[in-house]
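Descriptive structure summary
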Amino acid sequence: MKMKAIVVAVVAVALLAAMTVFAGADVVTYQGTGDPNSTASGIVTARATVNPKIELTITTPDPSQEVLFGAVDPATLHEKLVNLSVRSNKSYDLTKADSGDIALMGFSTSLVNQMDQSKTIGRTYADTYSINVPYDTDPGNYAAAVVYTVTQK
């Protein structure tokens with residue numbers, strides 16, 4: 001008895017869903033003139049609202065979105081590459097902000113802010129991360145961070 005009630009409920013829900021789909025439908029019949037070569041034609045307009053879409057993909061040389069330089073000696077240059085890819089259906093700005101132990105690590109990056117960029121299906125950028133630890137930096141662990149922001153206009 002319970003199985004029959006469940007089947008009836010599922011059928012009722014399916015019918016209700018079908019009625020909802022067709023409730024907003026519009027039916028128009030276009031008539032020809034009735035002569036042997038008559039035609040009938042109608043026009044249907046398709047409309048859509050396209051949403052703004054933006055994607056930023058960051059590829060780092062090490063796991064967990066990190067750039068790991070490991071143990072380094074002072075006054076030695078070390079570099080690693082970070083790649084970025086932007087997809088945007090509007091023009092955009094790509095900016096970055098550095099923070100952390102920048103001076104203590106002698107940390108720098110090569111990519112400058114990219115302003116007024118045109119929309120793109122995939123533009124890539126390379127950012128070289130460099131450290132050259134000053135001799136007066138005390139031994140220890142240091143970290144710097146870079147925040148990339150893509151803003152549509």
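To start, this report covers the structure provided alongside it. Fair warning: this is a prediction, and the values are worked out from it, not measured in the lab.

**Side note on the overall build of the protein chain**
A count of helical and extended segments in the protein chain gives two helices and seven strands. Helices (α) and strands (β) of the protein chain occur, in sequence order from the N terminus, as α-β-β-β-α-β-β-β-β. In the protein chain, the proportion of contacts linking residues at least 24 apart, taken out of those at least 6 apart, comes to 71%. For the protein chain, the accessible surface area stands at approximately 11400 Å², while carbon and sulfur atoms represent 58% of it.

**A look at unusual backbone geometry**
In this model, Ser64 sits at a positive phi of 65°, which is unusual for a non-glycine residue. Looking at the element boundaries, Ser64 is found in the loop between strand E1 (54-59) and strand E2 (78-88). Note on Ser64: relative accessible area 64%, which makes it exposed. One non-glycine residue with positive phi stands out, namely Ala75, at about 60°. Its location among the elements puts Ala75 in the loop between E1 and E2.

**A closer look at the sheet that holds strand E5 (residues 114-117)**
A sheet is described by the order of its strands in space; here three strands give the open sequence E5-E3-E7, paired in antiparallel fashion. Both outer strands of the open sheet, E5 and strand E7 (144-152), are each paired with one neighbouring strand and no more. Within this sheet the neighbouring strands show an average axis-to-axis angle of 15°, counted without direction. Both strand E3 (residues 92-100) and E7 contribute to a ladder of nine bridges, which runs antiparallel. Each residue of the ladder has a partner; that of Thr95, found in E7, is Thr149.

**Regarding the packing of aromatic side chains**
All told, the structure shown has one aromatic pair when counted by the stated rule. Note on Phe107 and Tyr129: the rings are 5.5 Å apart at their centroids and 80° apart in plane angle, and the pair reads as edge-to-face. Residue Phe107 is located in the loop between helix H2 (102-105) and strand E4 (108-109), and its partner Tyr129 is located in strand E6 (residues 120-131); the two are separated by 22 residues in the primary sequence.

**Concerning the nonpolar core**
If you look at the biggest cluster of nonpolar residues, it comprises 17 residues, and the most contacted ones within it are Leu94, Tyr125, Tyr129 and Tyr148. Among the elements of the structure, E2, E3, E6 and E7 are those that each provide at least two residues to this core. In contact with Leu94, other than residues within four places in its own chain, are Leu111, Asn113, Gln114, Tyr125, Tyr148, Thr149 and Val150.

What counts, and where the lines are drawn
Residues numbered from 1 in each chain as written. Predicted model: local features only at pLDDT ≥ 70, side-chain atom pairs only at ≥ 80, totals over all residues. Heavy atoms only, no water. Helix = DSSP H or I, 4+ residues; strand = E, 2+ residues; numbered from the N terminus. Contact = heavy atoms within 4.5 Å. Areas by Shrake-Rupley, 256 points an atom, 1.4 Å probe, with all protein chains shown as cover. Buried < 20%, exposed > 50% of the residue type's maximum accessible area, 1.4 Å probe, protein only. Pairing = 2+ DSSP bridges. Axes fitted to C-alpha atoms, helices over the stretch in contact; angles between N-to-C directions. Phe/Tyr/Trp six-rings, centres within 6.5 Å; stacked < 30°, edge-to-face > 60°. Core = buried A, V, L, I, M, F, W, Y, C linked by side-chain atoms within 4.5 Å.

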